[in-house]
Structure formats: structure tokens, C-alpha cells
Amino acid sequence: MFKITDLAVEKAKHILSVEGKTGWGFRVFMAGSSCCGPSFGMDIAENPTDGDKVVEKDGLKVFIAGDASEKLDGMGIDFVDDGQQQGFVITGGQPSSCSTEHGGSCG
């Protein structure tokens, strides 16, 4: 099951309202792959496309691309604000030990 946090719902609905896109939703899709697994992207969409799975929470719709649906099972969307940066994140993915930052390696 794909989860959406309450904070993500609140922030997403606010952004969609400001953009004049009340009733629209977010679309999550596969944006590539690496040795650590798939990477995902998000965009604003008015409607799902063929094959999308639709998840809804408190009036926010999230359209999950058909090819990403299985890979996103058990994951979710959250909104993070750590004081220096803020934004939506996909949670529940690969462990951070797979990071290639600072000279790390995935394999």
C-alpha cells in the first residue's frame, strides 16, 4: 500500500490551490534506474493516464504510473522541512547505505 502523510496532503493541497489547480493531483512515475534501484519523479497532473493506480487521502489524489506501482508498494509521500530545504520526498525506499555520495558505492 502507498501512504501519504497528513503533512504531505496539507502542503500539496495548498500548492495546488495557489497554482489554481484545485482538484488536480500529484503523479508519481519512474524516472530512471541505477545500481541502487529505481528513482522516481513527481509532477502535478489533472487526471490519471491509462494504467495509473489512483490513491486518495483527504481529497488529495496521487496517480501512480503503472510501471512504478509495484516498486512503490510499501512506500509513500511525505513533506520535509528541515529549516534549510523543504519539499516532497518518497519514503520507505532503499537504505541510505546504498548512497554514492561522498565516495560511497552501490556494489
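Everything below is about the structure printed above this text.
Described in the following lines is the structure provided in the data block. Owing to the predicted nature of the structure, the values given are computational and were not obtained by experimental measurement. (Residues numbered from 1 in each chain as written. Predicted model: local features only at pLDDT ≥ 70, side-chain atom pairs only at ≥ 80, totals over all residues. Heavy atoms only, no water.)

1. Things to note about the pairing of strand S2 (residues 25-34)
So, point 1. Pairing between S2 and strand S3 (residues 37-45): nine bridges, direction antiparallel. By the bridge assignment, Gly32 is partnered in S3 with Ser39.
So, point 2. What sits between the antiparallel neighbours S2 and S3 is a turn of two residues.
So, point 3. Judged from the four bridges that link them, S2 and strand S5 (residues 60-64) form a sheet pairing that is parallel. (Pairing = 2+ DSSP bridges. Helix = DSSP H or I, 4+ residues; strand = E, 2+ residues; numbered from the N terminus.)

2. Some words on the sheet that holds strand S1 (residues 3-4)
So, point 1. Spatial strand order, S1-S6-S7: three strands in an open sheet with mixed pairing. In this open sheet, the two strands that pair with only one neighbour each are S1 and strand S7 (86-91).
So, point 2. Of the pairings in the sheet, the one linking S1 to strand S6 (residues 76-81) comprises two bridges and is parallel in character. Among the inter-strand pairings, Lys3 is bridged to a residue of S6, identified as Gly76.
So, point 3. Contacting S1, S6 and S7, helix H1 (residues 6-18) crosses the sheet at an angle of about 80° to S6. (Contact = heavy atoms within 4.5 Å. Axes fitted to C-alpha atoms, helices over the stretch in contact; angles between N-to-C directions.)

3. Let's talk about the packing of aromatic side chains
So, point 1. Here the structure, examined in full by the defined rule, presents two aromatic pairs.
So, point 2. Aromatic side chains Phe26 and Phe88 sit 5.0 Å apart centroid to centroid with 85° between the ring planes, which places their arrangement in the edge-to-face category. Placement of Phe26 in strand S2 and of Phe88 in strand S7 is noted, with a sequence separation of 62 residues between them.
So, point 3. Note on Phe26: relative accessible area 6%, which makes it buried.
So, point 4. Grouped by ring-pair contacts, the aromatic residues Phe26, Phe79 and Phe88 constitute a single cluster. (Phe/Tyr/Trp six-rings, centres within 6.5 Å; stacked < 30°, edge-to-face > 60°. Buried < 20%, exposed > 50% of the residue type's maximum accessible area, 1.4 Å probe, protein only.)

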